Amino acid sequence: MAKIIMLHVPNDKELLAAFGEMALFHEHLNYILRMTIKTLAQLTLQKALDATVNEGSRQLRDRIRKLARQRLGEGPALLKLQALMQCCQRVTDRRNELVHSVWAKELDGEAQLRNADHTSRSLPTRQELSALSNEIRDLTNSLNQARLEGFLSEALTEREKS
């Protein structure tokens, strides 16, 4: 007998707020990815924003990897930036699972996430969403710091001198 699945939006306002916060922090990360392209390509703010409009996280990370290899060459700065891009991919994958899964409920059952691969899992808790938000926020800050005054800024300054 087939199970009846109903679409579901939780009534828990704090859970929904935590979900929204996570989505906002992820968009901040995408913006800093766009700003990293600006830095690597030596573009104006407007040109960088225009060049990356409607690009998703994967396309932004791929472009950063390509530009970084061109601008930095092989070395510690490139490896550090590649490691940050891998961290960005991991948090984006986790965010995407939450955003792109169907929030549903079996008739007389518990609410669950229904994934594209037809598996299901329980809804995230507020604490899980908050932890992911914090991880995304910290990663965004690390990337922005590297770009503005950290290892990426230093490496680009050194390359310009040589």
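Caption draft 1: Fine view of a nonpolar patch on the surface. Taken together, the side chains of Ile-4, Met-6 and Leu-107 make up a nonpolar region of the molecular surface, amounting to roughly 290 Å² of accessible area. Within the element layout of this structure, Ile-4 appears in the segment before strand 1 (5–7). Relative accessible area serves as the criterion here: at 51%, Ile-4 is assigned to the exposed category.

Caption draft 2: Main features of helix 5 (residues 126–148). Taking 1.5 Å of rise per residue, the 23 residues of helix 5 would be expected to cover 33 Å, and the 33 Å separating its terminal C-alpha atoms lies within 8% of that figure. Looking only at helix 5, the buried set comprises Leu-129, Leu-132, Ser-133, Ile-136, Leu-139, Thr-140, Leu-143, Asn-144, Ala-146 and Arg-147. Close packing links the buried residues of helix 5 with helix 1 (13–41), helix 4 (76–100) and helix 6 (151–161).

Caption draft 3: Local environment of the packing of helix 5 against helix 6. Where helix 5 contacts helix 6, the two axes come as close as 4 Å, and the packing angle between them is 25°. What the angle tells us is that helix 5 and helix 6 run roughly parallel. Here helix 5 and helix 6 pass one another in a crossing that is right-handed. Counting all contacts with helix 5, which are made through Ala-146, Arg-147 and Leu-148, the residues of helix 6 involved are Phe-151, Leu-152 and Ser-153. Considering only residue class, the contact of helix 5 with helix 6 consists of 4 nonpolar, 1 polar and 1 charged.

Caption draft 4: Layout of the pattern of salt bridges. Taken as a whole, this structure holds 10 salt bridges when the rule is applied. The partner of Asp-12 in a salt bridge is Arg-126, with the nearest N and O atoms 3.3 Å apart. Here the residue Asp-12 occupies a position in the loop between strand 1 and helix 1, and Arg-126 occupies one in helix 5, the gap between them amounting to 114 residues. According to the relative accessible area criterion, Asp-12 is partly exposed, its value standing at 29%. Arg-137 is the partner of Asp-138 in a salt bridge, and the nearest nitrogen-oxygen pair spans 3.1 Å. For Asp-138, a relative accessible area of 39% translates into the label partly exposed.

Definitions and limits used
Residues numbered from 1 in each chain as written. Predicted model: local features only at pLDDT ≥ 70, side-chain atom pairs only at ≥ 80, totals over all residues. Heavy atoms only, no water. Patch = residues over 30% accessible without salt bridge, like charges linked within 9 Å, V, L, I, M, F, W, Y side chains within 5 Å. Areas by Shrake-Rupley, 256 points an atom, 1.4 Å probe, with all protein chains shown as cover. Salt bridge = Lys/Arg side-chain N within 4 Å of Asp/Glu carboxyl O. Helix = DSSP H or I, 4+ residues; strand = E, 2+ residues; numbered from the N terminus. Buried < 20%, exposed > 50% of the residue type's maximum accessible area, 1.4 Å probe, protein only. Expected span 1.5 Å × (residues − 1). Contact = heavy atoms within 4.5 Å. Axes fitted to C-alpha atoms, helices over the stretch in contact; angles between N-to-C directions. Parallel < 35°, antiparallel > 145°, perpendicular 65-115°, else oblique. Left-handed = near helix turned anticlockwise from the far one by under 90°. Nonpolar A, V, L, I, M, F, W, Y, C, P; charged D, E, K, R; others polar.

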